[in-house]
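# Per-entry structural report
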Amino acid sequence: MSEMFSVILPTFNRSEYLRESLDSVLAQTYESFEVIVVNDGSDDDTESVLKPYFGQIEYLEKPNGGKSSAVNLGLAHARGEYIWVFDDDDLAYPDKIQRHYQVFSRHPEVGYTYSSYHT
């Protein structure tokens, strides 16, 4: 596995969901990925919730400008061949990246993948 995924997680005032959400990303079975969390001007305890993860994530802050601007900042820092924009209140199955990588590796002509969800 040499292709890296960049997981961009924009967040704004959702600190109550961040631990569980981020833990689900960090538990991926695919090993080549980076996580970029973009704090979009939160005024809750987002930064303190994320501090224990600082050795495992790239943490960026910006004034509030909306999800698109947070994603764009994350994209400017991304180093992966593939991008996964992950919402701050979502949970991922541990094999999420692996499943998408399998599609890309079997079908290099594919430009993007998506999947269903459970609520």
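Now for a description of the structure that goes with this document.

## Focus on the pairing of strand S2 (residues 33-40)
With eight of eight residues buried, S2 is to be regarded as a mostly interior element. Of the two faces of S2, both are covered, the one formed by Phe 33, Val 35, Val 37 and Asn 39 as well as the one formed by Glu 34, Ile 36, Val 38 and Asp 40. This β-α-β element, strand S1 (residues 5-11) to helix H1 (residues 15-26) to S2, shows right-handed connectivity. Across five bridges, the pairing between S2 and strand S3 (residues 58-62) is parallel. Each residue of the ladder has a partner; that of Asn 39, found in S3, is Glu 61.

## Brief notes about unusual backbone geometry
Even without glycine at this site, Asn 13 takes up a positive phi of about 50°. One can find Asn 13 in the loop between S1 and H1.

## Observations regarding the sheet that holds S1
Pairing is parallel in the open sheet, where four strands are placed in the order S3-S2-S1-S4. Either end of the sheet is taken by a strand with one partner, and the two such strands are S3 and strand S4 (82-85). Strand-to-strand twist of the sheet, defined as the mean angle between neighbouring strand axes without regard to direction, takes the value 20°. Packed on one face of the sheet, helix H3 (residues 67-77) meets S1, S2, S3 and S4 and runs near 140° to S2.

## Points about the nonpolar core
Among the nonpolar cores identified, the biggest contains 22 residues, and Phe 5, Val 7, Leu 22, Val 35, Leu 50 and Ile 57 are the most heavily contacted of them. Of all the secondary structure elements, the ones that give two or more residues to this core are S1, H1, S2, helix H2 (46-50), S4 and helix H4 (96-106). Residues within four places of Leu 22 in sequence aside, it is in contact with Leu 9, Val 35, Val 37, Leu 50, Tyr 53 and Ile 57.

## Concerning the pattern of salt bridges
On inspection of all chains with the given rule, the structure shows six salt bridges. Asp 95 serves as the salt-bridge partner of Arg 99, at 2.7 Å between the closest nitrogen and oxygen. Of the residues examined, Asp 95 reaches a relative accessible area of 25% and is grouped as partly exposed. Within this structure, Arg 14, Asp 88 and Asp 89 form a network of salt bridges that share partners.

Analysis parameters
- Residues numbered from 1 in each chain as written.
- Predicted model: local features only at pLDDT ≥ 70, side-chain atom pairs only at ≥ 80, totals over all residues.
- Heavy atoms only, no water.
- Buried < 20%, exposed > 50% of the residue type's maximum accessible area, 1.4 Å probe, protein only.
- Helix = DSSP H or I, 4+ residues; strand = E, 2+ residues; numbered from the N terminus.
- Right-handed = clockwise from strand over helix to strand, strands pointing away.
- Pairing = 2+ DSSP bridges.
- Axes fitted to C-alpha atoms, helices over the stretch in contact; angles between N-to-C directions.
- Contact = heavy atoms within 4.5 Å.
- Core = buried A, V, L, I, M, F, W, Y, C linked by side-chain atoms within 4.5 Å.
- Salt bridge = Lys/Arg side-chain N within 4 Å of Asp/Glu carboxyl O.

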